[in-house]
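Overview (structure and organization)
Take a look at the letters that make up each chain.
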Amino acid sequence: MLPTLDMWLACFERRAANPLRAPDSLEASLSAEERDRIARSIASFQLGEQSEGRHFLALARRHAAEHDCAQLPRITELFIREEQRHAATLATFMAANAIPLRRHDWSDRIFRRLRRLAGFELAITILVTAELVGIQYYRALLRSSKSQHLKAICSIFLQDEALHVTYECELLLALRARRGRVPGAAATRAHQAFHLVTALVAWCGHRRVLRAGGHTMRGFLVACARHYALYLDS
């Protein structure tokens, strides 16, 4: 059993009881220029946040049964609910600005297929990669708009995702440690490469928002690499 799962379960239960929400009184409207810049991008992220998580929850249950981690399914369920709340928050903001929802996105489709093919450790690896890159995206989105409501949403998401990433990385490092030094190091090198490719894909798909948030391509890739090292280089 992982030693801090009791702590994480209590943390996620507290958060479920008192979720952070952006005040409704804040101005939500985007300018025409902002809407044009972020509409397609934010719709892709909204789609990525939206998932029933049934396969991931099934993997967590199987892992819990095999490794004496009884808290893991409940933590995973609460984590999925937080991601669904993000999707609902973005959908409401998009509706207020006449931004249509997206039903399909090629990058989201690839990530979902990879997660379905993966075991629990690889699913966590894919998930934390998306969230680490997502943190850089939401930082840029916050800086790219004057909408106070969008800024508040991004601030809340950044708090949530920072906690998610801390949990996922702690879990992932513990799983890699069980492999032994050499296999764990190999998994880390492969993850670094995957993370860089994911960051490059994110730049290609969201560069208008990222540039408006102050990034060059090189600066964005460096920021993503440094963020990865902060959590997962050991």
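What comes next concerns the included structure. The residue count restarts for each chain, going from 1 along the sequence in the order it is written. The model is predicted, so local features are restricted to residues of pLDDT at least 70 and side-chain atom pairs to those at 80 or more, both for listing and for counting; the totals for chains, interfaces and linings are taken over all residues. Note that the side-chain values use all heavy atoms of the structure and ignore hydrogens as well as water.

**A look at unusual backbone geometry**
Phi angles above zero are rare outside glycine, and D68 is one such case at about 60°. Within the element layout of this structure, D68 appears in the loop between α3 (54-67) and α4 (72-96). For A98, which is not glycine, the phi dihedral falls at a positive 55°. A run of H or I in DSSP becomes a helix once it reaches four residues, and a run of E becomes a strand once it reaches two; helices and strands are each numbered from the N terminus. The residue A98 is located in the loop between α4 and α5 (106-117) in this model.

**Quick look at the side chain of T188**
By the element assignment, T188 lies in helix α8 (residues 181-212). Classification of T188 by relative accessible area gives buried; the value is 9%. Here a polar contact means two N or O atoms within 3.5 Å. Within protein one must be a hydrogen donor candidate and the other an acceptor candidate, and residues neighboring in sequence count only if both atoms are side-chain atoms. Of the polar contacts made by the side chain of T188, one reaches the side chain of R176; its length is 3.3 Å. Note on contacts: a residue pair qualifies if any of its non-hydrogen atoms lie within 4.5 Å across the two residues. Not counting residues within four places of it along the chain, the set of residues in contact with T188 comprises R176, Y228 and L232. Each residue gets one of three labels from its accessible area relative to the maximum for its type: buried under 20%, exposed over 50%, partly exposed in between, using a 1.4 Å probe on protein chains only.

**Some details on the side chain of D160**
Tracing the backbone shows D160 in helix α7 (residues 148-179). Among the residues examined, D160 registers a relative accessible area of 6% and is labelled buried. Sequence-distant contacts of D160, defined by excluding residues within four places in its chain, comprise R15, L20, E82 and H86.

**Considering the pattern of salt bridges**
Should a side-chain nitrogen of Lys or Arg be within 4 Å of a carboxyl oxygen of Asp or Glu, the pair is scored as a salt bridge. The tally for this structure, following the rule as stated, stands at seven salt bridges. Ionic pairing is found between E13 and R74, a salt bridge with its closest N-O pair at 3.0 Å. Of this pair, E13 sits in helix α1 (residues 5-17) while R74 sits in helix α4; the two residues are 61 residues apart in sequence, bridging distant segments of the chain. Looking at E13, the relative accessible area reads 31%, which means it is partly exposed. Accessibility expressed as a relative area gives 29% for R74, which makes it partly exposed. The salt bridge partner of R74 is E77, with a shortest N-O separation of 3.3 Å. Of this pair, R74 and E77 both sit in helix α4, separated by three residues, roughly a single helical turn. Put simply, E13, R74, E77 and R81 are held in one network by salt bridges that share partners.

**Points about the packing of aromatic side chains**
Geometry of aromatic contacts follows a simple scheme: Phe, Tyr and Trp rings, the Trp one being its six-membered ring, pair when their centres are within 6.5 Å, and the pair is stacked under 30 degrees between planes, edge-to-face over 60, tilted otherwise. The final tally for this structure, using the stated rule, is 10 aromatic pairs. Judged by centre distance (5.5 Å) and plane angle (70°), the ring pair of F45 and Y138 falls under edge-to-face. Linking F45 in helix α2 (residues 32-49) with Y138 in helix α6 (residues 120-144), this pair joins segments that are 93 residues apart in sequence. Side by side, F45 and Y138 carry an identical accessibility label, which is buried.

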